[in-house]
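Here is how the chains run, residue by residue.
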Amino acid sequence: MDSSAIADRRQLRRKLGFWRLAAVLLLIGLGFALYSAISSDFGTAARGPQVARVTISGLIQDDSELLERLKTIKDDKRVRALIVSISSTGGTTYGGERIFKAIREVAAQKPVVSDIRTVAASAGYMIALAGDDIVAGDTSITGSIGVLFQYPQAKELLDKLGVSLEEIKSAPLKAEPSPFHPPSEEAKAMIHSMVMDSYDWFVDLVADRRKLSREDALKLADGSIFTGRQALKAKLIDTLGGEEAIRAYLATRSVDRDLQIVDWQASRGRLSFLTSESASRLINLFGYDDFMKGQDLQKLMTEKLFLDGLLSLWQGVGH
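The rules behind these values
- Residues numbered from 1 in each chain as written.
- Predicted model: local features only at pLDDT ≥ 70, side-chain atom pairs only at ≥ 80, totals over all residues.
- Heavy atoms only, no water.
- Helix = DSSP H or I, 4+ residues; strand = E, 2+ residues; numbered from the N terminus.
- Buried < 20%, exposed > 50% of the residue type's maximum accessible area, 1.4 Å probe, protein only.
- Polar contact = N/O pair within 3.5 Å; in protein donor to acceptor, adjacent residues only side chain to side chain.
- Contact = heavy atoms within 4.5 Å.
- Axes fitted to C-alpha atoms, helices over the stretch in contact; angles between N-to-C directions.
- Parallel < 35°, antiparallel > 145°, perpendicular 65-115°, else oblique.
- Nonpolar A, V, L, I, M, F, W, Y, C, P; charged D, E, K, R; others polar.
- Salt bridge = Lys/Arg side-chain N within 4 Å of Asp/Glu carboxyl O.

Draft legend 1. Looking closely at the side chain of Arg 210. Structurally, the position occupied by Arg 210 is in the loop between α6 (185-209) and α7 (214-220). Residue class for Arg 210 comes out buried when judged on its relative accessible area of 11%. Within the local environment of Arg 210, its side chain forms a polar contact with the backbone oxygen of Ile 237, the two atoms lying 3.0 Å apart. When sequence neighbours within four positions are dropped, the list of residues in contact with Arg 210 reads Tyr 125, Leu 129, Ile 134, Lys 235, Leu 236, Ile 237 and Asp 238.

Here it is as structure tokens:
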């Protein structure tokens, strides 16, 4: 075989290799799209009378999809009641505020029960306050009523690297606090005032929703966490139990005990290969979860990279 024929054959092999790879990637994409569609609760709209359940877990942020889902539940005549199942150590104060208000809009139309699972602390408890009735387990963790503002300090590291940052700004408090120099006392006072204003709003919310005096609410709002049993004694929740306790409360609101509970899950109708959830699903799907847990990637891409602002977050062990 002459050299030109060998070259032609090699070129043909390269072309075939490229198209084989493209075909494999296309099949993976189509398979993942099908998996997402099947795993989503696309049959919800076809169901009859029901009790809707929404699960809020992980870091709480301003979540447009969740807000839209709650609005749909509010307007859907087939939904007789809503269960908000919460497993979260908290998140941004603003994100908790928006979700709280959206759940209260649902509660204006139909009964809402907050179901505290393993933990609903800080902004997680803020969301739980939106329920007409709060149910928790004996050993569930809740509370941590408070607000936090964190900012990094990189000055010492930059000094060691011989890097400095010069700035010209319109006023001393512009862009404060800065990670490039320690905050002034005026900057600390500004941030403290903002934190305390949000804290006062949170405390007033607890007092109003739990029918406590502001003085009693303040005693509970020192950042302490409580078990479900302790929270019941402190009047932060209404009932200890699980689904039976939820059904019992809904029965007092004329909701049939036999109605099916339907999970209203986040829509996955779009192909979204670059989202943290999609990436974590792919990692787990292809068996690389021992190398990096999909949940860890999702946490890295959301909690660690994109979180800023005022927080209502319980930072327990491992957080």
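Structure's up, so let's keep going.
Draft legend 2. Expanded view of the packing of helix α2 (residues 64-75) against helix α3 (residues 93-107). Interaxial distance between α2 and α3 falls to 9 Å at its minimum, and their mutual angle equals 10°. Overall, the two elements α2 and α3 adopt an arrangement that is roughly parallel. Every residue of α3 that contacts α2 at Leu 66, Leu 67, Leu 70, Ile 73 and Lys 74 is listed here: Arg 98, Ile 99, Ala 102, Ile 103, Glu 105 and Val 106. Class assignment of the residues belonging to the contact of α2 with α3 gives a composition of 8 nonpolar, no polar and 3 charged.

Draft legend 3. Up close: the pattern of salt bridges. Under the criterion given, the structure shown has 19 salt bridges. Here Asp 216 ties to Lys 219 by a salt bridge, and the two come within 4.0 Å at their closest N and O atoms. Here Lys 219 and Asp 216 lie together in helix α7, a separation of 3 residues that amounts to about one turn. Exposure remark for Asp 216: the relative accessible area of 36% places this residue in the partly exposed category. With relative accessibility at 63%, the residue Lys 219 sits in the exposed group. Ionic pairing is found between Arg 247 and Glu 243, a salt bridge with its closest N-O pair at 3.8 Å. Residue Arg 247 and its partner Glu 243 are located together in helix α9 (residues 243-252), separated by 4 residues, close to a single helical turn.

Draft legend 4. Inspection of unusual backbone geometry at higher detail. In the segment running from Glu 176 into Pro 177, the intervening peptide bond is cis, with an omega of 0°. Although it is not a glycine, Ser 122 adopts a positive phi angle of roughly 55°. Tracing the chain through its elements places Ser 122 in the loop between β4 (112-121) and α4 (123-128). Taking relative accessible area as the criterion, Ser 122 reaches 1% and is therefore assigned buried. With a phi close to 70°, Lys 235 is a non-glycine residue in the positive phi region. Considering the arrangement of structural elements, one finds Lys 235 in the loop between α8 (228-233) and β8 (239-240).

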